Amino acid sequence: MKTTETPAPIPAEPGVTLTVPGTPAGKPPRRGREGTVLNVFSHGMLVLWAFMVVMPLLWAVMTSFKDDSSIFTSPWSLPDKLHLDNWARAWTDANMSDYFLNTVLVVGGSLVGTLVLGSMAAYVLARFDFPGNRFIYYLFIGGMSFPIMLALVPLFYVVNNMGLLNTIHGLILVYIAYSLPFTVFFLTAFFRSLPTSVAEAAFVDGASHTRTFFQIMLPMAKPGLISVGIFNFLGQWNQYMLPTVLNTDPDKRVLTQGLVQLATSQGYKGDWSGLFAGLVMAMLPVLAAYIVFQRQVVQGLTAGALK
Amino acid sequence: MQHGKYRFIVGFLAAPLGLYAIFVVWPFIQSIYYSFTDWTGLSPDFQMVGFDNYTRMFHDDIFWKSLWHSLLFALLLPLVTISLALFFSFMINVGGRRRRGGPAISGVRGSSFYKIVYFFPQVLSIAIVALLFAFAYNPDSGAINSLLRGIGLDGVQPLWLGDPNLALWCVMAVLVWSTVGFFVVLFSAGMASIPADLYEAALLDGAGRAKTFFRITLPLLWDTVQSGWVYMGILALGAESFAVVQIMTTGPGGPDYSTTVMVLYVYQKAFRDGQAAYATTIGVALLIVTLLFAAVVMRLGRRERLEF
């Protein structure tokens, strides 16, 4: 960065007097030194936390390639060889493939449902004046601050009475219902911010309301749909409480639930290496997706909290 | 735009509103009603018992324990997480040393790298994170104790999750670990929108970094901090603490109920002990705590809105 420059007395901040005109000549060295100490400290803290974030994840990946005995005797040593059989065992014997499939089905179904139903409701609430509009809106967004656990006990019996307990489609419907508050809230604000003229022009040209929505408004709302879609995807993929209560059939378990059951029940005969392989298997796809779509994920998630 | 308007509105609202009413609103209303009954959840018969469940709750030691732990989660956890996140995001965005000809303030080198890495735990399921740390905390073969052994601290081998005095803190540490990165990114976005000339003026006046943080950054970021606090508190009272406590600590909410929280207690009473009515009573208490928490934080944090 500054290879060709003459070394300044305090290399840390050679440019202070240039960028801040009028700084007294005696000041830069003092501030420079203070800045260096702070920099070492702050960099140290930043590196330390990065280390603390990465280490447990690396440890899990490393452990998933070791055999059972070395997991117990020397948890931090490198695997003697890559025990890929752990992964194969987890995928087939420990039913990770089934859990994966179930999760993909449930999350796929509920994500599409959430976005379609959420945007329909949000569009109507944002764009049309009718009696009860405000009431319905607040009814929806009220759900954001209520503890789910309170509703969970009666919900169990509602779902049971409808014959939807331990079914994939039952879980999908419940996921959609619990994702609606935030989705409606976010998309209502988004639809309000879109210009009205385009939709009105389409309507004047003879397009029905329904057609105007699906052909004009929905494509225009794509950025909002992506943000809220990512937020919902992560929330639904990582959901643990709802399936734990509503989905007790071992064949229908989703990823999080299946892994926890494997780890806590004695059923899996202490196959720790297989368990770690399953754990890493469940972590890697989301981490990979995050690294690839990093910007969108961050935008989607922070949009969720800021509102 | 009047033609067919109401048919359209009804058509578009029916499905989402219907689902929401059946699976969210109706169970909420029911649960408040059930809290006045002696319903077990196992048989369809029950009777109204008035406030019996509530009286019982006030005499229930485990309820008070779980309430206390939930309050700790809602107050302490956001405090630690948000302080750490503010520190890191200030360093990442403002803490960099000045470069020749560069802007008056800048982030440390590699700031985008830190932001990406810190966010890792946020995309992972809290259940999977809890599982991972349950292994790491294992006193005999877990990563943490063997790390301590590795650096010569053989004498220091805590039981972690098995120690009633430590278990709650261990569980909380995991939630801090998994949430800090999210707030770093959130606050960084807020800091990026603070105009650089404010910092420049402060630096000209000879303000140090600590001063710029408390006089400029924090006041201008206050709205974000406050909504972050509420957001985290609600999570800590509900879903997140359920997952970590249920998965990581053994038995009925940790050794001697030392880690039990309200959500977990609701779950156990309803689905393990067959006391659905009593469970909903604790649920109502949880609802009240949640609403009070949000109201208090919003009220205490109210300030003049700063414009820039």
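Model, not experiment: these values are computed from the prediction.

Caption draft 1: Looking closely at unusual backbone geometry. In the Ramachandran plot, Asn95 of chain A falls in the positive-phi region, its phi being about 65° despite a non-glycine side chain. Positionally, Asn95 of chain A belongs in the loop between helix 4 (85–92) and helix 5 (96–127). One non-glycine residue, Trp160 of chain B, lies in positive phi territory at about 50°. Within the element layout of this structure, Trp160 of chain B appears in the loop between helix 7 (143–150) and helix 8 (167–192). Exposure remark for Trp160 of chain B: the relative accessible area of 17% places this residue in the buried category.

Caption draft 2: Representation of the UniProt feature "transmembrane region" (unreviewed entry) in chain A in the model. Within this numbering scheme, the UniProt entry marks residues 37–62, 99–125, 137–159, 171–191, 212–234 and 272–293 of chain A as carrying the feature "transmembrane region" (unreviewed entry). A helix fraction of 78% and a strand fraction of 0% characterise residues 137–159 of chain A, whose end C-alpha atoms lie 25 Å from each other.

Caption draft 3: Focus on the packing of aromatic side chains. Summed over all chains, the structure comprises 53 aromatic pairs over all chains. By the ring-pair criterion, three or more aromatic residues cluster together here, those being Phe156, Tyr157 and Tyr240 of chain A together with Tyr33, Tyr34, Trp39, Phe46, Phe242, Tyr267 and Phe271 of chain B. A cation over a ring is seen here: Arg192 of chain A above Tyr137 of chain A, with NZ or CZ 5.8 Å from the ring centre.

Caption draft 4: Layout of the packing of helix 7 (residues 148–161) of chain A against helix 12 (residues 262–271) of chain B. In contact at an axis separation of 9 Å, helix 7 of chain A and helix 12 of chain B are set at 15° when each is read in the N-to-C sense. The angle between helix 7 of chain A and helix 12 of chain B places the two elements in the roughly parallel class. Crossing geometry of helix 7 of chain A relative to helix 12 of chain B is assigned as right-handed. Together, Met149, Leu152, Val153 and Phe156 of chain A of helix 7 of chain A and Val263, Val266, Tyr267, Ala270 and Phe271 of chain B of helix 12 of chain B make up the contact between the two elements. Considering only residue class, the contact of helix 7 of chain A with helix 12 of chain B consists of nine nonpolar, no polar and no charged.

Conventions adopted
- Residues numbered from 1 in each chain as written.
- Chains lettered and ligands numbered in written order.
- Predicted model: local features only at pLDDT ≥ 70, side-chain atom pairs only at ≥ 80, totals over all residues.
- Heavy atoms only, no water.
- Helix = DSSP H or I, 4+ residues; strand = E, 2+ residues; numbered from the N terminus.
- Buried < 20%, exposed > 50% of the residue type's maximum accessible area, 1.4 Å probe, protein only.
- UniProt positions renumbered as here; feature names shortened; annotations may be inferred.
- Phe/Tyr/Trp six-rings, centres within 6.5 Å; stacked < 30°, edge-to-face > 60°.
- Lys NZ or Arg CZ within 6 Å of the ring centre and 35° of its normal.
- Axes fitted to C-alpha atoms, helices over the stretch in contact; angles between N-to-C directions.
- Parallel < 35°, antiparallel > 145°, perpendicular 65-115°, else oblique.
- Left-handed = near helix turned anticlockwise from the far one by under 90°.
- Contact = heavy atoms within 4.5 Å.
- Nonpolar A, V, L, I, M, F, W, Y, C, P; charged D, E, K, R; others polar.

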